[in-house]
Amino acid sequence: MNGFPKKIRWSRFLDRRCGRGIIVPIDHGLTIGPVEGLDSIAQVARWIGHPGITGIIAHKGMVERLASHGLLRGAGVMIHLNGMTSLAPNPNTKERLTSVEAALRLGADAVSLQLNFDGTNDAHNLSQLGEVVDEAQRCGVPVLTMLYDKVPSEGDQQRLTRLRHLMRACVELGTDALKLEAPTQFAHMSQLLAGVVEHTAVFVAGGAVRSEDEVLQLAQEVVARGATGLCVGRNIFQRESASAVLTQLQRVVLGGGEAPPSEPPRSSARAGANGSGANGKQPHAAGGAAK
């Protein structure tokens, strides 16, 4: 990552010892409305201070409210720049809702945007990313792109090929980090990440609520394949004991790569609504259903 302002800001999302991170996105409410686990400040407060969390992603209004309650201390803060409600005619086409400058005024360490490629909005998505990267470069702010391919594919190989093309497009436009949906088979993780994790920070999404065993297996795979970490929301804040799951993930992602054998998995979820990168590598700076 070029430029010390970016490096300083990005380092706040990573554990100093291992160079990996656990980022918790809580931007779901704009897209899908009230969400179990994020319905109130009190619900968020029960887990957001856990030491295993290295970063939080939220829209600007939630950042203000959480900060006013003293709940954003000790973790990197990333403000999400775009979005669209699920009520819209084209919910996959996310519009810019704020600026990098506004995010900085609110104390952000980085910014993010979500790009859902549905086969009709490629130009819109690529133009938006290019503009955000240019704006962020001027301010010395890292950019994370949440990348989702919504075009139906005929088999896993075609899906991987398409996703790797979209990943490369984002890298070409200068994103510093990527958040990706996990492949349907963990065996494909290496192919998905090959040639990318050497120069770009990659966080793997938790996706829809999984069993705790599956979440820990995903975490182990992420560490083994050299990704930068996890970007997991519902698999944390929709659990009966979010702190217990975070402790497990902290040990796997930040503390050695294996789940502790002495703590058996708990129930999958509560009922309701759904500096350096990994291994010391710097994210590149060239200039489930997803939400």
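Residues numbered from 1 in each chain as written. Predicted model: local features only at pLDDT ≥ 70, side-chain atom pairs only at ≥ 80, totals over all residues. Heavy atoms only, no water.

Undergrad: Could you give an account of the nonpolar core, naming the residues involved and the relevant values?
TA: If you look at the biggest cluster of nonpolar residues, it comprises 67 residues, and the most contacted ones within it are Ile26, Trp47, Leu230 and Leu249. It is helix 11 (residues 242-254) that provides the largest number of residues to this core, a total of 7 residues. Not counting the four nearest positions on each side in its chain, Leu230 is found in contact with Gly21, Ile22, Ile23, Phe203, Val204, Leu218, Ala219, Val222, Leu249 and Val253. Within the second largest apolar cluster, 15 residues are counted, among which are Leu14, Tyr148, Ala201 and Cys231. (Core = buried A, V, L, I, M, F, W, Y, C linked by side-chain atoms within 4.5 Å. Buried < 20%, exposed > 50% of the residue type's maximum accessible area, 1.4 Å probe, protein only. Helix = DSSP H or I, 4+ residues; strand = E, 2+ residues; numbered from the N terminus. Contact = heavy atoms within 4.5 Å.)

Undergrad: Would you mind going over the sheet that holds strand 6 (residues 110-117) in detail, with residue names and values included?
TA: Sheet architecture is closed into a barrel: 8 strands sit in the order 1-2-3-6-7-8-9-10, paired in parallel fashion. Taking each pair of neighbouring strands and ignoring which way they run, the sheet shows an average axis angle of 25°. (Pairing = 2+ DSSP bridges. Axes fitted to C-alpha atoms, helices over the stretch in contact; angles between N-to-C directions.)

Undergrad: Give a description of the packing of aromatic side chains that names residues and reports values.
TA: Considering all chains together, one arrives at 3 aromatic pairs under this definition. Ring centres 5.5 Å apart and planes at 35° place the aromatic pair Trp10 and Phe13 in the tilted group. A residue is classified by how much of its surface remains accessible, and Trp10, at 0% relative accessible area, is buried. Of the residues examined, Phe13 reaches a relative accessible area of 0% and is grouped as buried. Geometrically, the ring pair formed by Trp47 and Phe237 is stacked, given 6.4 Å between the ring centres and 25° between the ring planes. Taken as a pair, Trp47 in the loop between helix 3 (41-45) and strand 2 (55-58) and Phe237 in helix 10 (residues 234-237) lie far apart in primary sequence, 190 residues in all. One exposure class covers both Trp47 and Phe237, and it is buried. Grouped by ring-pair contacts, the aromatic residues Trp10, Phe13 and Phe203 constitute a single cluster. (Phe/Tyr/Trp six-rings, centres within 6.5 Å; stacked < 30°, edge-to-face > 60°.)

Undergrad: Quick one: what's the story with the side chain of Asp149, residue by residue and with numbers?
TA: With respect to the secondary-structure elements, Asp149 resides in strand 7 (residues 143-149). On the basis of relative accessible area, Asp149 is assigned to the buried category, the value being 5%. From its side chain, Asp149 meets the backbone nitrogen of Val151 in a polar contact 3.2 Å long. Reaching out from Asp149, the side chain makes a polar contact with the side chain of Arg162 at a distance of 2.8 Å. Once you skip the residues sitting within four places of it in the chain, Asp149 turns out to touch Phe117, Arg159, Arg162, Leu163 and Leu166. (Polar contact = N/O pair within 3.5 Å; in protein donor to acceptor, adjacent residues only side chain to side chain.)

Undergrad: Tell me about the pairing of strand 8 (residues 177-181), residues and numbers included.
TA: When you tally the buried positions in strand 8, you get 4 out of 5 residues, the bulk of the element. Where strand 7 and strand 8 come together, 4 bridges link them in parallel fashion. The partner of Leu144 across the bridge, within strand 8, is Ala177. Viewed along the sheet, the connection from strand 7 through helix 7 (residues 156-172) into strand 8 turns out right-handed. Pairing of strand 8 with strand 9 (residues 201-205) involves 5 bridges; the strand directions are parallel. Looking across to strand 9, one finds that Leu178 is bridged to Val202. (Right-handed = clockwise from strand over helix to strand, strands pointing away.)

Any link to function would need more than the numbers given here.
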